[in-house]
Amino acid sequence: MHLKKDLYINGEWLKTDHYTELRAPYDHRVIAEIASASVADVHHAIASADRATKVMRKMPAHQRAQILENLAILLREKRDEAATILATEAAKPLTTAYAEVDRTIQTYKFAAEEAKRIHGETLPMDAAPGGEGRVAYMVREPLGVIGAITPFNFPMNLVAHKVGPAIAAGNTVVLKPASQTPLSSLFLAELLAEAGLPAGALNVVTGSGRTVGDQLVTDPRIKMITFTGSPGVGTSIRQKAGLKRVTLELGSNSAVIVDNGVPLDKVIPRCVGGAFSFQGQVCISLQRIYVHEALYEEFVERFVEQTNALKVGDPLDKETFVSALISQGDVQRSLDWIAEAVGQGAVVAAGGTAEGNVLHPTVILNVPVDVKVSCQEVFAPIVLINKIASVEEGIELVNDSRFGLQAGIYTENVHKALDAADELHVGGVMINDIPTFRVDHMPYGGVKDSGMGREGVRFAVEEMTELKLVVFNRN
C-alpha cells in the first residue's frame, strides 16, 4: 500500500482537494499520492511563515544552532530510511543515496555552526570629517520569509543548502520541492518538528511549479527566492521577482582538461565517476573531457573499459552504479541528442542504448562543438571525449559555452594550472580534479547562464541576511 502525503503548513498536516500519483522512475510503481496545493494553500503557507518570522527573529543563536544539531542527530539515526527514500523516489543508487544523506547531515552541522558566527563589525566614523564623536557598528539581520524551490537530483542536500542557512540566520521558509521528489522534503518536515523548530518556520507545499512557484515569486511577503533548476525557469523567476533577493543555480555542461604528462591511473576512475554518478543528473556532472593528443588514445581505451564495467540496474541493489533517469522523456531526449551528434560525425564508443528508463553509460568521441551533447546541459549518463593539442586550446573550448559553473584541469605544470585558474570563466576551478567536486562549506555558484549568487552555508547565510548600520552620536 502506498502513502498519501498531505501539505505541511504551520506545523500541521493539511489535506487539499487534489492529489497526484508519484511513481518510482525505475519500475514505474506507484509509491505515494502527493497533495497538489491550490493558490489558497500557498497563501496559507506564506501567511504561516510570515507570522513565524517574529518568533525566529527573536530566537537566540544558540537555540537555532541546537535545532539544527538536533536535526543532524535525527537524520543520522534515520540514515537507512532517508537513503531508501532517495533511492525510491529519485532512482538514486543506494551507494550514492547514502553519500547524499551523509552530506546532508554535514550541511546541517555546518548550518548549526554558522548560526553562532553571524556578526557585524565596527566602523571608524572619524575617518571622515564630521564623523568625530560617533561610534558605529553593523549587524546582520534575517530577511524574513525565504521561498525555496528545489530540484529532483539532490532532494535532501540541495534542500539542506536552502533550509539550513535560512534557519541559521533566523528566517522562515516556504519550500516547494520538485514534483518527482517530495517525499524527502516531507520527511525533513517531520524531523525538524521533532528537532524543535517552531510551527510555521518551515512549510512544505507540494504541487505544480506554475501554481506554487509563481505565487512564491510574486508574493510581497516573500523576501528572497533561492532556486536551483533550469536556466529558462531561473530567468523567468528573475524577471518576475521584482526587488526580492534572488539566488539562482542553473546548471552547466562542465568540462575537464587533461594535459600531457598526467598519470592516468587516478584520473580515469575519477572522471568515470564524475561523468556517470547518479546517471549524470548532477549540475556539475562531468560532460566534456578534453584530452591532450599524446594521451588521447590510451585515455579513451581505458575510460571505455571502465565505463563498460559499471553495474546498471535497480537503485535498491547496493552494487548498482547507474540506474534510471528521472523520466521517460529524459531518456528519449538523450537518445535524440546522441543521434544528432552521430549524424554530425561523432562516434559512440560505449553505450548509446536504453532499456526502459535506464540509459546505458554513453561515451561519444569527435563531437562537434555545436551539437546539443556538447553545448547544452545533457543531465544524463553521457560524456564526450575530444582531442586537444594544448591546454590553451582546452581553455578556449571550456569557455566556449553559455554556462560557467565549475571546470577542472589535470596538469603537472604549475604555470599552466595558474593560467587556467585565471582564464577559465567559471565560478570554481578545480586543479587536478574534476569539476564535479563539491564539499558543503565551500562557495558554490556560477557565472553566465549558470546563475547568480552563491551557496555553501556561510555564503548562503550572507545572501539570506541584510546589513543594518547603527550610529551613536556622543557629541
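Refer to the preceding data block for the structure.
Residues numbered from 1 in each chain as written. Predicted model: local features only at pLDDT ≥ 70, side-chain atom pairs only at ≥ 80, totals over all residues. Heavy atoms only, no water.

Engineer: Can you walk me through the packing of aromatic side chains in this structure?
Structural biologist: Given two aromatic rings, one states the distance between the centres and the angle between the planes to describe the pair. One pass over the full model with this rule turns up 4 aromatic pairs. Aromatic side chains F152 and F379 sit 5.8 Å apart centroid to centroid with 90° between the ring planes, which places their arrangement in the edge-to-face category. Taken as a pair, F152 in the loop between β8 (145–149) and α5 (157–168) and F379 in the loop between α12 (372–375) and β19 (382–388) lie far apart in primary sequence, 227 residues in all. For F379, a relative accessible area of 17% gives the class buried. Residues F276 and F303 carry aromatic rings whose centres are separated by 6.2 Å and whose planes lie at 55° to one another, so their mutual orientation is tilted. Taken together, the positions of F276 in helix α9 (residues 264–276) and F303 in helix α10 (residues 296–308) put the pair 27 residues apart, joining distant regions of the chain. Since its relative accessible area comes to 0%, F276 is described here as buried. For F303, a relative accessible area of 0% puts it in the buried group. The structure contains a cluster of three or more aromatic residues connected by ring pairs, namely F276, F299 and F303. Across from the ring centre of W13, 5.6 Å away, lies the NZ or CZ of K5, which sits over that ring. (Phe/Tyr/Trp six-rings, centres within 6.5 Å; stacked < 30°, edge-to-face > 60°. Helix = DSSP H or I, 4+ residues; strand = E, 2+ residues; numbered from the N terminus. Buried < 20%, exposed > 50% of the residue type's maximum accessible area, 1.4 Å probe, protein only. Lys NZ or Arg CZ within 6 Å of the ring centre and 35° of its normal.)

Engineer: Hey, could you run me through the nonpolar core in this one?
Structural biologist: Side chains of nonpolar character tend, in soluble globular proteins, to be buried together. Of all hydrophobic cores here, the largest spans 59 residues; its most connected members are Y108, V163, L192 and L202. Per-element tally for this core: the top contributor is helix α4 (residues 94–115), with 10 residues. The contacts of L192, once residues within four sequence positions are left out, are I67, L71, V163, I167, L197 and L202. (Core = buried A, V, L, I, M, F, W, Y, C linked by side-chain atoms within 4.5 Å. Contact = heavy atoms within 4.5 Å.)

Engineer: Explain the environment of N357 to me, please; I cannot follow it from the model alone.
Structural biologist: When you line up the elements, N357 lands in the loop between β16 (354–355) and β17 (358–359). Expressed as a C-alpha distance, the spacing of N357 and D330, which sit 27 residues apart in the sequence, is 8.4 Å. Each residue touching N357, except ones within four places of it in the same chain, is listed here: P25, H28, A324, L325, S327, Q328 and V331. Here the side chain of N357 touches P25 through a polar contact of 3.2 Å, landing on its backbone oxygen. (Polar contact = N/O pair within 3.5 Å; in protein donor to acceptor, adjacent residues only side chain to side chain.)

Engineer: What is the right way to read unusual backbone geometry from this model?
Structural biologist: The bulk of non-glycine residues show a negative phi, and the bulk of peptide bonds are trans. The backbone of N366 shows a phi angle near 55°, a positive value even though the residue is not glycine. Non-glycine residue N432 carries a positive phi angle of around 60°. Here N432 lies in the loop between β22 (428–431) and β23 (447–448). Of the residues examined, N432 reaches a relative accessible area of 40% and is grouped as partly exposed.

Engineer: What exactly am I supposed to notice about the packing of helix α3 (residues 79–90) against helix α6 (residues 183–195) here?
Structural biologist: The angle between the axes and the distance between the axes are what describe a pair of packed helices. Direction vectors running N to C along α3 and α6 enclose 155°, while the axes themselves pass 9 Å from each other. Considering their axes alone, α3 and α6 lie roughly antiparallel with respect to each other. Touching E81, A82, I85, L86 and E89 of α3 are L183, S184 and F187, all from α6. Looking at the contact of α3 with α6, its residues break down into 5 nonpolar, 1 polar and 2 charged. (Axes fitted to C-alpha atoms, helices over the stretch in contact; angles between N-to-C directions. Parallel < 35°, antiparallel > 145°, perpendicular 65-115°, else oblique. Nonpolar A, V, L, I, M, F, W, Y, C, P; charged D, E, K, R; others polar.)

Engineer: What's the story with the layout of surface pockets in this structure? I'm lost.
Structural biologist: Any space left empty among the atoms is revealed by the rolling of a water-sized probe across them. Here the largest pocket is characterised by a volume of approximately 750 Å³. Every residue lining the largest pocket is counted, 30 residues in all, and those nearest its centre are F227, T228, G229, S230 and V233. Listing elements by their share of the lining of the largest pocket, those giving two or more residues are α7 (209–218), β11 (222–228), α8 (231–240) and α11 (328–343). The element that contributes the greatest number of residues to the lining of the largest pocket is α8, accounting for 5 residues. The residue inventory of the lining of the largest pocket, partitioned by class, reads 13 nonpolar, 11 polar and 6 charged. Considering only enclosed or pocket space, the second largest pocket measures out at about 510 Å³ in volume. Forming the boundary of the second largest pocket are 25 residues, of which R103, F154, S277, V282 and T436 lie nearest the centre. (1 Å grid on protein atoms, 1.4 Å probe; cavity = no way out; pocket = protein on both sides within 12 Å on 5 of 7 lines; lining within 4 Å. Points joined across faces, edges and corners; volume = space filled by probe spheres on them.)

Engineer: Help me understand the sheet that holds strand β18 (residues 362–365), please; the structure alone is not making it clear to me.
Structural biologist: Neighbouring strands of a sheet are bound in pairs by backbone hydrogen bonds; such pairs are parallel or else antiparallel. As summarised here, the arrangement of the 7 strands in space is β15-β18-β19-β14-β13-β21-β22, forming an open sheet in which the pairing is mixed. Either end of the sheet is taken by a strand with one partner, and the two such strands are β15 (347–350) and β22. Pairwise comparison of adjacent strand axes, ignoring direction, gives a mean angle of 25° for this sheet. (Pairing = 2+ DSSP bridges.)

Engineer: Which parts of the structure should I look at to understand empty space enclosed by the protein?
Structural biologist: In total, this model carries 4 cavities of 30 Å³ or more according to the counting rule given. The computed volume of the largest cavity comes to approximately 70 Å³. Forming the walls of the largest cavity are L71, L75, T104, Y108, P155, M156, V159, S184, S185, F187, L188 and L191. Elements represented by at least two residues in the lining of the largest cavity include exactly α2 (61–77), α4 and α6. Looking at the lining of the largest cavity, the element that brings in the most residues is α6, giving 5 residues.

Engineer: Hey, could you run me through the pattern of salt bridges in this one?
Structural biologist: Here the idea is simple: oppositely charged side chains can pair when their charged atoms come close. Throughout the structure, instances matching the rule amount to 24 salt bridges. For the salt bridge of R57 with E141, the shortest nitrogen-to-oxygen distance reads 2.8 Å. Within this pair, whereas R57 is found in helix α1 (residues 39–58), its partner E141 is found in strand β7 (residues 134–142), the two being separated by 84 residues in sequence. In this structure R57 comes out as partly exposed when scored by relative accessible area, which is 45%. R302 is paired through a salt bridge with D265; the nearest N and O atoms lie 2.6 Å apart. One end of the pair, R302, is in helix α10; the other, D265, is in helix α9, and 37 residues separate them in sequence. On the accessibility criterion, R302 (22% relative accessible area) is partly exposed. For D265, a relative accessible area of 57% corresponds to the exposed category. (Salt bridge = Lys/Arg side-chain N within 4 Å of Asp/Glu carboxyl O.)

Engineer: Mind showing me how you'd approach the environment of V358 here?
Structural biologist: Here V358 shows up in strand β17. For V358, a relative accessible area of 7% translates into the label buried. Between the C-alpha atom of V358 and that of S323, which follows or precedes it by 35 residues, the distance is 5.7 Å. Aside from chain neighbours lying at most four places away, what touches V358 is Y26, V312, S323, A324 and T353.

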